[in-house]
Amino acid sequence: SQKIEQNSEALNIQEGKTATLTCNYTNYSPAYLQWYRQDPGRGPVFLLLIRENEKEKRKERLKVTFDTTLKQSLFHITASQPADSATYLCALSLSGNTPLVFGKGTRLSVIA
Amino acid sequence: SQTIHQWPATLVQPVGSPLSLECTVEGTSNPNLYWYRQAAGRGLQLLFYSVGIGQISSEVPQNLSASRPQDRQFILSSKKLLLSDSGFYLCAWKPPGMNTEAFFGQGTRLTVV
């Protein structure tokens, strides 16, 4: 069956360090992969999208990699800040009209 | 610009009562629409999606139903709520046929008592 796994349910890191979150998937061949941020009691907010033919995408302090051979995406936040504390979700889609399927998320806590 | 409205923000309903959650999108045409549910400590579970008026795909068999009476309106319903229906319900939209992000509403926290 198809699965998306975000390895860590929770991750604590020190302010200023780089946070690395992992998303693995099985039995999918996604056209693209996305990362979202979700704060408590709010809907997810889109952060980054990476396509199957792209290896890496950057946006300010965020970086996403996509390895279709390993079936894995890594999400990095450099110079992390307490304001980065939130749950981060990865999501896959096979095409533009198929729904996004989400992992369970990783709750990141950045400690000052 | 496009906006998505979802209401109410919170709802407490007794077991066996009906449910109607409404979601509307403004500023776009023919969006793909989605209902997700997020139980405490769990990920987003896709419940229904729609690519057009009257077209509903159900992902999880349950006592919920969805309807799309107008292009930018998506409604989640139940005739009789169960305790297990408690959760955080999220409506989302995405431009049709495009590999782009989804935009989420603020969510409805439903507690069935």
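About the criteria used
Residues numbered from 1 in each chain as written. Chains lettered and ligands numbered in written order. Predicted model: local features only at pLDDT ≥ 70, side-chain atom pairs only at ≥ 80, totals over all residues. Heavy atoms only, no water. Helix = DSSP H or I, 4+ residues; strand = E, 2+ residues; numbered from the N terminus. Polar contact = N/O pair within 3.5 Å; in protein donor to acceptor, adjacent residues only side chain to side chain. Contact = heavy atoms within 4.5 Å. Core = buried A, V, L, I, M, F, W, Y, C linked by side-chain atoms within 4.5 Å. Buried < 20%, exposed > 50% of the residue type's maximum accessible area, 1.4 Å probe, protein only. Phe/Tyr/Trp six-rings, centres within 6.5 Å; stacked < 30°, edge-to-face > 60°. Salt bridge = Lys/Arg side-chain N within 4 Å of Asp/Glu carboxyl O. Pairing = 2+ DSSP bridges. Buried area = accessible area lost by both parts, 1.4 Å probe.

This next bit is on the side chain of B:Q73. All names here are of chain B. When you line up the elements, Q73 lands in strand β8 (residues 73–78). There is a polar contact of 2.7 Å between the side chain of Q73 and the side chain of E22. When neighbours within four sequence positions are excluded, Q73 is seen to be in contact with E22, C23, T24, L33, S67 and R68.

In terms of nonpolar packing, the biggest core is built from 23 residues, with A:I4, A:W35, A:F75, A:I77, A:Y88 and A:L108 touching the most fellow members. What A:F75 contacts, discounting residues up to four positions off in sequence, is A:A19, A:T20, A:L21, A:W35, A:L47, A:L48, A:L62, A:K63, A:V64 and A:Y88. Of all hydrophobic cores here, the second largest spans 20 residues; its members include B:A66, B:F74, B:L81 and B:C91.

Time to look at the packing of aromatic side chains. A complete count under the given rule lists 13 aromatic pairs over all chains for this structure. Between A:Y36 and A:F46, the ring centres sit 5.8 Å apart and the planes meet at 75°, which makes this aromatic pair edge-to-face. Residue A:Y36 is found in strand β4 (residues 32–38), and its partner A:F46 is found in strand β5 (residues 45–51); the two are separated by 10 residues along the sequence. A relative accessible area of 0% means that A:Y36 is categorised as buried. Judged by centre distance (5.9 Å) and plane angle (70°), the ring pair of A:F102 and B:F104 falls under edge-to-face. In this pair, A:F102 sits in strand β10 (residues 101–102) while B:F104 sits in strand β10 (residues 103–104), so the two residues belong to two different chains. Among the aromatic residues, ring-to-ring pairing joins A:Y36, A:F46, A:F102, B:Y34, B:Y36, B:Y49 and B:F104 into one connected group.

Below, the discussion takes up the pattern of salt bridges. Applying the stated criterion to the full structure yields 8 salt bridges over all chains. Where A:D84 meets A:R61, a salt bridge forms, and the shortest distance between an N and an O atom there is 2.9 Å. Linking A:D84 in the loop between β8 (72–77) and β9 (86–93) with A:R61 in the loop between β6 (56–59) and β7 (62–67), this pair joins segments that are 23 residues apart in sequence. Salt bridges sharing partners connect three or more residues here, namely B:R68, B:D71 and B:R72.

Right, let's talk about the pairing of strand β11 (residues 108–112) of chain B for a bit. Residue and element names in this part refer to chain B. Along β11, the buried face is formed by T108, L110 and V112; none of R109 and T111, which line the opposite face, is buried. When strand β2 (residues 10–13) meets β11, the two strands line up parallel, connected through 4 bridges. Residue pairing across strands places V12 opposite T111, the latter belonging to β11. For strand β9 (residues 87–94) and β11, the ladder comprises 3 bridges, and the chain directions are antiparallel. Bridging from a neighbouring strand, Y89 pairs with T108 of β11.

On to the interface of chain A and chain B, then. Tallying the contact residues gives 21 residues for chain A and 23 residues for chain B. For the pair chain A and chain B, the two sides together bury roughly 1,600 Å², of which 56% comes from carbon and sulfur. Taken as a group, A:N97, A:P99 and A:F102 account for 28% of the area that chain A buries against chain B, more than any other trio of residues on that side. The interface formed by chain A and chain B includes 0 salt bridges. Remark: the boundary between chain A and chain B carries 5 residue pairs in polar contact (both at pLDDT 80 or more). Of all elements in the fold, only β4 and β5 of chain A reach the threshold of two or more residues within the side of chain A that touches chain B. No other element matches β4(A), which puts 4 residues into the side of chain A that touches chain B.

Any functional reading would require information beyond the geometric quantities listed.
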